[in-house]
Number of protein chains: 2
Amino acid sequence: MFDWNDLKYFLAVARHQSTIAAGKSLGLSQSTVQRRLAELERAIGQPLVERRPSGYRLTKFGEELLPHAERIEAAVTDFERRINDEAHDLTGVIRVTCPEPIIGRMTKSALIERFQARHPKLRIEFVTSDRYLDLSKGEADVAFRSGDTDDELVGRKVADSIWAVYASRSYVEQHGRPAAVSDLPNHPLVGFDETLSMHRASIWLRDVAPEVKMSARTNSVLGLVYAVKSGLGIGPLPASLGDAEPDLVRVLGPIQELSRSWRLLAHPDLRRVPRIAAFFDFILAERELVKTILA
Amino acid sequence: MFDWNDLKYFLAVARHQSTIAAGKSLGLSQSTVQRRLAELERAIGQPLVERRPSGYRLTKFGEELLPHAERIEAAVTDFERRINDEAHDLTGVIRVTCPEPIIGRMTKSALIERFQARHPKLRIEFVTSDRYLDLSKGEADVAFRSGDTDDELVGRKVADSIWAVYASRSYVEQHGRPAAVSDLPNHPLVGFDETLSMHRASIWLRDVAPEVKMSARTNSVLGLVYAVKSGLGIGPLPASLGDAEPDLVRVLGPIQELSRSWRLLAHPDLRRVPRIAAFFDFILAERELVKTILA
DNA sequence: ACGCGATTATGCACTTCTGCGGCGGGGTTG
DNA sequence: CAACCCCGCCGCAGAAGTGCATAATCGCGT
């Protein structure tokens, strides 16, 4: 059984293409790297690198072996992560709140199960309600929100939130589509009711179509989607939801005034708590996947 | 970065439950095992084992870590295997011959792709023909056969080959089923034609139903299956094929005289050639899966 | 053509690790 | 109860590994 540590040197040399650079990256002397790698080659019985004046270069055989070594390294990283979790007592529940329509996308995507795989002792719980939960009161630990920033919370942008104006296909066939934002008052509009009167979509509608009586009002984004789908009128929706509905068509392109950033937020007191920090680290590492979920 | 070699000690101790036994299995002294394991615990910052008079026992945390360590070990094993392949120049093609109906099962099962994963530089080729290929002439390298042993070839049993007498469902409905083997001459029988007159199924049929004129004859096992399915008559089939056909029913239980062992065979000159030996090793290791294929 | 910088390889002193032998403890079996 | 076996732990001497300094090699730019 050969020396498993020598795999570290092999990997480092493969990456830095020289024993000196590899040694530095490992916090070891160049001599050691050179000798351990030579020892590994002796144990294997085949050369792994070509000695060049400019440094080491993997041989063909070395290239073939590299992915195997990387799998070992990945397994070790998992092992270390598990240890780290234990050291920081990463157990318990993380209560996540986000707009209801997002929850389904979250759970259907591989995001949550990947998190479970990485932190088996942490559990994610989605909590939601018809109003914004108050993280300061501990109603949830973290939130995905695209609204305006709450000064009390800290967080990081994870994606863009784009809004556009949608109508149902049948509506467009019967009544046509608005030519521009200024044309909106000539169409029946759907929007939020008074409970969400300060939502930026409500404000924007009052701004571009003052004095217009709404043909329908709802108290949730999802309600808005259904109202537009039913053909009651046209209205602004998050592009992620509108585009996902085959019955809806985007009649006015992205509305600058309504666009915000999706942010992952937490109360500053909680942000550095290990299990919350772990969630942040994970989400930021998986930012690309998160973007497709919130798209 | 902790000492990867210490994982070996952890694994050995987990398996042997004592540092002495672990040391022996690793060819090392007991002191080393005990010290390395203590060092690993120090690096991790958590105890992995409980010291008992009877030896070491994994703690709860150790149990949790064990599967991770085993994954690392498995990855290392792959790495070593790859090296071994290179050392023995495991490249090239292995020509496998077997009865035609088996080929489909082989390729559909995970067997072949597992072999590819284990020996990426080896390729498996199935060769077949209407007659038995002659391994001595190099027409193929190895063969799966259930027939009688060819003295010139060497090999190992990998599964049982069971034959029974089958009839189509419609045949049974119209004409009933034979009560015993002795009843067979009263039914229309299907069997092999003269090209396979020495096949043990042909010999058995002549024995239990002499003087009977066959209602249909074919030159392959697969032909036999179709003949029985079409209702032309009843006849002996490998249970693996007969049971797989929903239209067929087994009318007479396993026939002792027709049962043989499935064997993996090769010419003795080839048996120890690295790539053939590798194939043998693999098939024997996967014997359970092979049994379900040949079942 | 020649020096500069980056690289690999090696000699030497020092540190660390390993194996051996021995000790003490706790079961188990006559 | 006593002998025995298997166990973990520890001190010591020898073996192996590590770092530092240095030599040797090669490409590149001036």
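Residues numbered from 1 in each chain as written. Chains lettered and ligands numbered in written order. Predicted model: local features only at pLDDT ≥ 70, side-chain atom pairs only at ≥ 80, totals over all residues. Heavy atoms only, no water.

**Digging into the domain arrangement of chain A**
All names here are of chain A. By the assigned domains, chain A splits into domain 1 (6-87), domain 2 (92-152 + 272-294) and domain 3 (163-258). Regarding the contact of domain 1 and domain 2, the summed buried area is about 350 Å², with carbon and sulfur atoms giving 46% of it. When the buried surface of domain 1 facing domain 2 is broken down by residue, Arg81, Arg82 and Asp85 rank first, second and third, together holding 93% of it. Taken together, the connections running from domain 1 to domain 2 amount to one residue pair in polar contact (both at pLDDT 80 or more). Partitioning the side of domain 1 that touches domain 2 into residue classes produces no nonpolar, no polar and four charged. (Domains from an automatic or database assignment. Buried area = accessible area lost by both parts, 1.4 Å probe. Polar contact = N/O pair within 3.5 Å; in protein donor to acceptor, adjacent residues only side chain to side chain. Nonpolar A, V, L, I, M, F, W, Y, C, P; charged D, E, K, R; others polar.)

**Some details on the sheet that holds strand 12 (residues 260-266) of chain A**
All names here are of chain A. Strand order in this open sheet of five strands is 4-3-5-12-6, and the pairing throughout is mixed. Two strands close off the open sheet at either side, each with one partner strand: strand 4 (122-127) and strand 6 (154-161). Between one strand axis and the next, the sheet turns by 20° as a mean value, whatever way the strands run. With four bridges joining them, strand 5 (residues 142-145) and strand 12 adopt antiparallel strand pairing. Each bridged residue has a counterpart across the sheet, and for Val142 the counterpart in strand 12 is Ala266. (Pairing = 2+ DSSP bridges. Helix = DSSP H or I, 4+ residues; strand = E, 2+ residues; numbered from the N terminus. Axes fitted to C-alpha atoms, helices over the stretch in contact; angles between N-to-C directions.)

**What about the interface of chain A and chain B?**
Each partner contributes to the interface: chain A provides 28 residues, whereas chain B provides 28 residues. When the buried surface of chain A facing chain B is broken down by residue, Trp4, Lys8 and Phe79 of chain A rank first, second and third, together holding 26% of it. Summed over the shared surface of chain A and chain B, the result is four salt bridges. In this structure, the salt-bridge partner of Glu64 of chain B is Lys121 of chain A, at a minimum N-O distance of 3.0 Å. On the surface where chain A and chain B come into contact, there are 10 residue pairs in polar contact (both at pLDDT 80 or more). Top element by residues in the side of chain A that touches chain B is helix 4 (residues 60-87) of chain A. It accounts for 16 residues. Per-class residue counts for the side of chain A that touches chain B are 15 nonpolar, three polar and 10 charged. (Contact = heavy atoms within 4.5 Å. Salt bridge = Lys/Arg side-chain N within 4 Å of Asp/Glu carboxyl O.)

**A look at the sheet that holds strand 12 (residues 260-266) of chain B**
Residues and elements named next belong to chain B. Within the open sheet, the five strands sit side by side as 4-3-5-12-6. Their pairing is mixed. Each edge of the open sheet is held by one strand with a lone partner, namely strand 4 (122-127) and strand 6 (154-161). Averaged over all adjacent pairs, the angle separating strand axes in this sheet is 20°, with direction ignored. Summarising the sheet, strand 6 and strand 12 pair through seven bridges and their orientation is antiparallel. Among the inter-strand pairings, Ala159 is bridged to a residue of strand 12, identified as Trp262. Relative to strand 4, helix 6 (residues 111-118) is tilted by about 150°, and along the sheet it contacts strand 3 (92-97) and strand 4.

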